[in-house]
Amino acid sequence: MKKVILLILAACIVILFCACDQPDPIITGVGEFQSSHEFVSSIGSEEDGSLKTAADGNTFLLIYLTPVDGTEVDLDAADVYFRSGARAVVDTDTYDLLYLAYDEVNDAYVRCVLIFEVADNGYSDGSAQPTVSLDLP
């Protein structure tokens with residue numbers, strides 16, 4: 001009986017840790033999203049001539065907003081919403097939205113990609129990772 005209780009307790013602890021591991025969704029004017037980000041030195045593609053590189057001393061911050069299950073993304077509404085004042089806060093510095101893109105993932109959903117050009121303080125090589133947040137309209 002003790003083994004069963006310990007097994008149930010262990011399962012509850014694992015579930016609790018998994019639930020705590022997920023960040024709270026970001027609630028926007030166009031739905032709820034899970035957020036992730038990465039720093040890259042260039043965006044686009046050389047093949048189609050759309051490759052853009054960040055200015056010297058800068059890097060691009062890509063913030064991915066993945067719709068929470070049940071959130072339908074209206075791309076026109078999202079475009080108007082995010083372009084009306086979305087900004088990124090990196091540590092204590094604030095940056096205006098540079099580009100807005102949409103990324104279709106596995107033919108299942110479209111995620112929003114907010115792109116900012118920010119000062120590179122070692123972010124793109126992974127040596128330092130700042131606190132990143134969104135300031136939404």
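Residues numbered from 1 in each chain as written. Predicted model: local features only at pLDDT ≥ 70, side-chain atom pairs only at ≥ 80, totals over all residues. Heavy atoms only, no water.

**Examining the packing of aromatic side chains**
All told, the structure shown has 2 aromatic pairs when counted by the stated rule. With 5.2 Å between their ring centres and 75° between their planes, Y81 and F82 make a pair best called edge-to-face. (Phe/Tyr/Trp six-rings, centres within 6.5 Å; stacked < 30°, edge-to-face > 60°.)

**Some thoughts on the side chain of T28**
Along the polypeptide, T28 turns up in strand β1 (residues 26–28). We classify T28 as buried; its relative accessible area is 12%. Within the structure, the side chain of T28 is placed 3.0 Å from the backbone nitrogen of V30, a separation counted as a polar contact. Only 2.8 Å separates the side chain of T28 from the backbone oxygen of G31, close enough to count as a polar contact. Setting aside anything within four residues of it in sequence, one finds T28 in contact with F33, Y81, F82 and L136. (Helix = DSSP H or I, 4+ residues; strand = E, 2+ residues; numbered from the N terminus. Buried < 20%, exposed > 50% of the residue type's maximum accessible area, 1.4 Å probe, protein only. Polar contact = N/O pair within 3.5 Å; in protein donor to acceptor, adjacent residues only side chain to side chain. Contact = heavy atoms within 4.5 Å.)

**So, the environment of D79**
Looking at the element boundaries, D79 is found in helix α2 (residues 75–83). We classify D79 as partly exposed; its relative accessible area is 26%. Separated by 33 residues in the primary sequence, D79 and C112 place their C-alpha atoms 9.2 Å from one another. With sequence-adjacent residues up to four places away left out, D79 is seen in contact with L100 and Y102.

**Here we look at the nonpolar core**
With 21 residues, the main nonpolar core has L61, I63, L65, F82, L114 and F116 as its most contacted residues. Counting residues per element, the ones that place at least two in this core are β2 (31–40), β5 (58–67), α2, β6 (87–90) and β9 (109–119). Ranked by the residues each element gives to this core, the list is headed by β9, at 4 residues. For F116, the contacting residues outside a window of four places in its chain are T59, F60, L61, I63, A86, R87, A88, Y95, D96, L97, L98 and L134. (Core = buried A, V, L, I, M, F, W, Y, C linked by side-chain atoms within 4.5 Å.)

**Description of the pairing of β2**
Pairing between β1 and β2: 3 bridges, direction antiparallel. Within the sheet, the bridge partner assigned to I26 lies in β2 and is F33. Linking two consecutive strands that pair antiparallel, namely β1 and β2, is a turn of 2 residues. The pairing of β2 with β5 spans 8 bridges and is antiparallel. By the bridge assignment for β5, S36 is matched with Y64. (Pairing = 2+ DSSP bridges.)

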